[in-house]
Amino acid sequence: MPVTVKSEKQIALMREAGHRLALVHEALQKEIRPGISTLEIDRLGEEMIRDMGCVPNFKNYNGYPASICVSVNDEVVHGIPSRHRILKEGDIVSLDAGLIYKGWHSDAARTWGVGEISKEAQRLIDVTRESFFRGIRFAREGCHLHEISAAVQDYVEGSGFAVVRDLVGHGIGTHLHEDPEIPNFRTRGRGIRLTAGMTLAIEPMVTAGTWQVSCLDDDWTIVTDDGSLSAHYENTILITDGECEILSLR
Ligand code: MF3
Ligand code: CO
C-alpha cells in the first residue's frame, strides 16, 4: 500500500483523535498503584474512550480481546488484561491504547512505575521515552525514515539497553496500521523520504537485557526471552516541513 499524505481537514481530525488519546493516558496514569488489576485499567480506559464518543481500535483487532494492552515487567507489548493480574509495588507497566475519532485512528503507549521502583527500572523507562524524542528529531520533511530508526537504536544501545526487532512502528490514518513499517533499528537502505502530511506511530520497545522476544501461549503477550524488564513509548505524530507535531501528547 502507498504511504498516504493527509489533507488539512484529515489532519484536523487526527489531531482530535490524538488529543483524546492523550487525555486517556493522563487519566490512566493516575490509576496506576499497587493493588489495581490490569483488567480494571482496561475497563477504565475503554469506558473513557467510549464516553468521548470514540471507538477503541484495539478491541477485536485480529481477535485481540481488550481495549488497552497492559504489559507488566518482562512483558514487552500486547499483554492481555486480567482480573487475576494485580499490580504490585516495584512493577513497571506499559499501557498501549488507541482510539478512532470520526474514522481517524490514534495510537500511543506509556510505561509507568508502580509505587517505588528500582533505579535501573526508572532508567529503562526514561531511556525508552528519550529514544522516541531522539528519533523524531529526524521526523521531518526531507529526512529518510531510517534516520529515525538509527537515532532510536543508537541512543538505546548507547545507554546499555537493547531494542526489540520483532515489532515495529507504522503509518496510521484511516487504519491503525498503514505503511510504512518503522523499525527502531538499522535495516538495509534509507527507507522512504518523509513528506509533510504523513502521520506515523513511532514506538520504541526497549529491554534491559536481550532484544530477543517470544510470544506466550495466549498468542498475544510478547515477553523478553531472558526475563529482563521491558518498556514501551509511542506517539502518533504528524510530519511537517519543520519539527514534527506530536498528536497524542498535550
Ligand atoms: N499499538 C499496537 C501496535 O501498534 C496495537 C496493539 S495490537 C492490538 O501494534 F491487537 F492489541 F490491537
Ligand atoms: Co502502534
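The coordinates are above.
Only a predicted model underlies this, so the values are computations on that prediction, with no experimental measurement involved.

So, how was this worked out
- Residues numbered from 1 in each chain as written.
- Chains lettered and ligands numbered in written order.
- Predicted model: local features only at pLDDT ≥ 70, side-chain atom pairs only at ≥ 80, totals over all residues.
- Heavy atoms only, no water.
- Helix = DSSP H or I, 4+ residues; strand = E, 2+ residues; numbered from the N terminus.
- Rg over C-alpha atoms; globule rule 2.2 N^0.38 Å.
- Buried < 20%, exposed > 50% of the residue type's maximum accessible area, 1.4 Å probe, protein only.
- Contact = heavy atoms within 4.5 Å.
- Salt bridge = Lys/Arg side-chain N within 4 Å of Asp/Glu carboxyl O.
- Donors = N, O, S within 2.8 Å, 3.2 Å for Na, K, Ca; no water.
- Disulfide = S-S within 2.5 Å.
- Pairing = 2+ DSSP bridges.
- Axes fitted to C-alpha atoms, helices over the stretch in contact; angles between N-to-C directions.
- Core = buried A, V, L, I, M, F, W, Y, C linked by side-chain atoms within 4.5 Å.

### Observations concerning the overall build of the chain
Here is step 1: Along its length, the chain carries four helices and 15 strands.
Here is step 2: The C-alpha atoms of the chain give 17 Å as radius of gyration, which agrees with the globular expectation for 250 residues (18 Å, within 12%).
Here is step 3: Seen through its C-alpha atoms, the chain measures out along the principal axes to roughly 45 × 40 × 30 Å.
Here is step 4: By residue count, 54% of the 250 residues in the chain fall in the buried class.
Here is step 5: Pairs at least 24 apart in sequence give 69% of the contacts found in the chain among residues at least 6 apart.

### Things to note about the pattern of salt bridges
Here is step 1: One pass over the full model with this rule turns up 15 salt bridges.
Here is step 2: In the salt-bridge network here, residues are joined through shared partners; they are Glu-40, Arg-43 and Glu-47.

### A short note on the coordination of the cobalt ion (ligand 2)
Six octahedrally arranged donors around a metal ideally form angles of 90 or 180 degrees; four tetrahedrally arranged donors ideally form angles of 109.5 degrees.
Here is step 1: Surrounding the cobalt ion (ligand 2) are the protein donor atoms Asp-107 (OD), His-170 (NE2), Glu-203 (OE) and Glu-234 (OE), which sit 2.1 to 2.2 Å from the metal.
Here is step 2: The motif formed by the donor residues of the cobalt ion (ligand 2), counted along the single chain, is D-x62-H-x32-E-x30-E. With His-170 in strand 7 (residues 169-171) and Glu-234 in the loop between strand 13 (230-232) and strand 14 (235-238), this pair connects stretches of sequence that are 64 residues apart.
Here is step 3: Note on His-170: relative accessible area 5%, which makes it buried.
Here is step 4: Take Glu-234: its relative accessible area is 0%, and that puts it in the buried class.

### Some words on the state of the cysteines
Here is step 1: What the rule picks out here adds up to zero disulfides.
Here is step 2: Left unpaired, Cys-54 is separated from the closest cysteine sulfur, that of Cys-69, by 17 Å.
Here is step 3: With a relative accessible area of 4%, Cys-54 lands in the buried category.
Here is step 4: With no disulfide partner, Cys-143 has as its closest neighbouring cysteine sulfur the one in Cys-244, 10 Å distant.
Here is step 5: Looking at Cys-143, the relative accessible area reads 11%, which means it is buried.

### Quick look at the sheet that holds strand 6 (residues 162-163)
Here is step 1: The antiparallel open sheet is built from three strands, whose spatial order is 6-10-13. Each edge of the open sheet carries a strand with a single partner, namely strand 6 and strand 13.
Here is step 2: Bridge analysis of strand 6 against strand 10 (residues 205-207) gives two bridges, and the strand direction is antiparallel. What sits directly across from Val-163, in strand 10, is Val-206.
Here is step 3: Together, strand 10 and strand 13 form the strand contacts of helix 3 (residues 119-136), whose direction differs from that of strand 13 by roughly 35 degrees.

### Looking at the sheet that holds strand 8 (residues 178-182)
Here is step 1: Across the sheet, five strands lie side by side as 8-7-9-14-15; this open sheet has antiparallel pairing. For this open sheet the edge positions go to strand 8 and strand 15 (245-246), each flanked by a neighbour on one side alone.
Here is step 2: Strand direction decides the pairing type here: strand 7 and strand 9 (residues 199-202), joined by two bridges, are antiparallel. What sits directly across from Gly-171, in strand 9, is Leu-200.

### Observations concerning the nonpolar core
Here is step 1: In this structure, Leu-194, Ile-202 and Ile-237 are the most contacted members of the largest nonpolar core, which totals 28 residues.
Here is step 2: Elements that contribute at least two residues to this core include exactly helix 3, helix 4 (145-158) and strand 9.
Here is step 3: Looking at this core, the element that brings in the most residues is helix 3, giving six residues.
Here is step 4: In this structure Ile-202 touches Phe-132, Ile-136, Ile-148, Ile-182, Tyr-233, Glu-234, Asn-235 and Ile-237, once residues within four positions along its chain are discounted.
Here is step 5: Judged by nonpolar contacts, the second largest core, of 21 residues, contains Leu-28, Ile-68, Leu-87 and Tyr-101.

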